[in-house]
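Below are the chains, spelled out letter by letter.
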Amino acid sequence: QVQLVESGGGLVQAGGSLRLSCAASGSTGIIDAMGWYRQAPGKQRELVAQITRGGTTRYADSVKGRFTISRDNAKNTVYLQMSTLKPEDTAVYYCSAGGRTTVNYWGQGTQVTVSS
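Notes on the structure in this doc start here.

Rules of the game
- Residues numbered from 1 in each chain as written.
- Predicted model: local features only at pLDDT ≥ 70, side-chain atom pairs only at ≥ 80, totals over all residues.
- Heavy atoms only, no water.
- Pairing = 2+ DSSP bridges.
- Helix = DSSP H or I, 4+ residues; strand = E, 2+ residues; numbered from the N terminus.
- Axes fitted to C-alpha atoms, helices over the stretch in contact; angles between N-to-C directions.
- Phe/Tyr/Trp six-rings, centres within 6.5 Å; stacked < 30°, edge-to-face > 60°.
- Buried < 20%, exposed > 50% of the residue type's maximum accessible area, 1.4 Å probe, protein only.

1. Concerning the sheet that holds strand S1 (residues 2-7)
As a general point, the strands of a sheet are linked pairwise by backbone hydrogen bonds and lie either parallel or antiparallel. Read across the sheet, 4 strands follow the order S1-S3-S8-S7 without closing on themselves; strand pairing throughout is antiparallel. Looking along the sheet, the strands with just one partner apiece sit at the ends: S1 and strand S7 (67-72). Taken over all neighbouring pairs, the strand axes of this sheet differ in orientation by 15° on average, direction set aside. The pairing of S1 with strand S3 (residues 18-26) spans 6 bridges and is classified as antiparallel. Along S3, the bridge assignment pairs Val2 with Gly26.

Put into structure tokens, the structure is as follows:
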């Protein structure tokens, strides 16, 4: 089993920045990809960014150039640096862990609210 604990959400004005962190514990050796998804009210959960153990990244088109995902394998921690935030980035952000095409574990979610 793997446990994911997120931190760093909050309220920020449009144009501002936030950094999310997610620490994994447990059987972390089985994890290849870690990432972030988000879910806004009334919408489906969507991939925001993902990074593999080897450092390969992918991003949703809506966040390219504004968000940066990084990972510290020694600490089993993944980060999401969010810049130039927009009101449409408002959502609950969930940390994920698993394979490159499957999510096996989810964090509890952290709220990000961007005011206009």
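2. Some details on the packing of aromatic side chains
For any pair of aromatic rings, the description rests on two quantities: the centre-to-centre distance and the angle between the ring planes. With the rule as written, the count across this model stands at 2 aromatic pairs. Both rings, one in Tyr37 and one in Trp106, keep their centres 5.0 Å apart while their planes meet at 75°; by these two values the pair is edge-to-face. Pair noted here: Tyr37 is in strand S4 (residues 33-39) and Trp106 is in strand S10 (residues 103-106), with a separation of 69 residues, a long-range link. The class of Tyr37 is buried, set by a relative accessible area of 16%. A centroid spacing of 6.4 Å and a plane angle of 85° characterise the contact between Tyr94 and Trp106, whose relative ring orientation is edge-to-face.

3. Re unusual backbone geometry
Backbone geometry at Asn76 places phi at a positive 50°, although glycine is not the residue there. Within the secondary structure, Asn76 sits in the loop between S7 and strand S8 (77-82). Classification of Asn76 by relative accessible area gives partly exposed; the value is 22%. Even without being glycine, Thr84 reaches a positive phi, approximately 45°. Position of Thr84 among the secondary structure elements: in the loop between S8 and strand S9 (91-98). Using a relative accessible area of 45% as the deciding quantity, one classes Thr84 as partly exposed.

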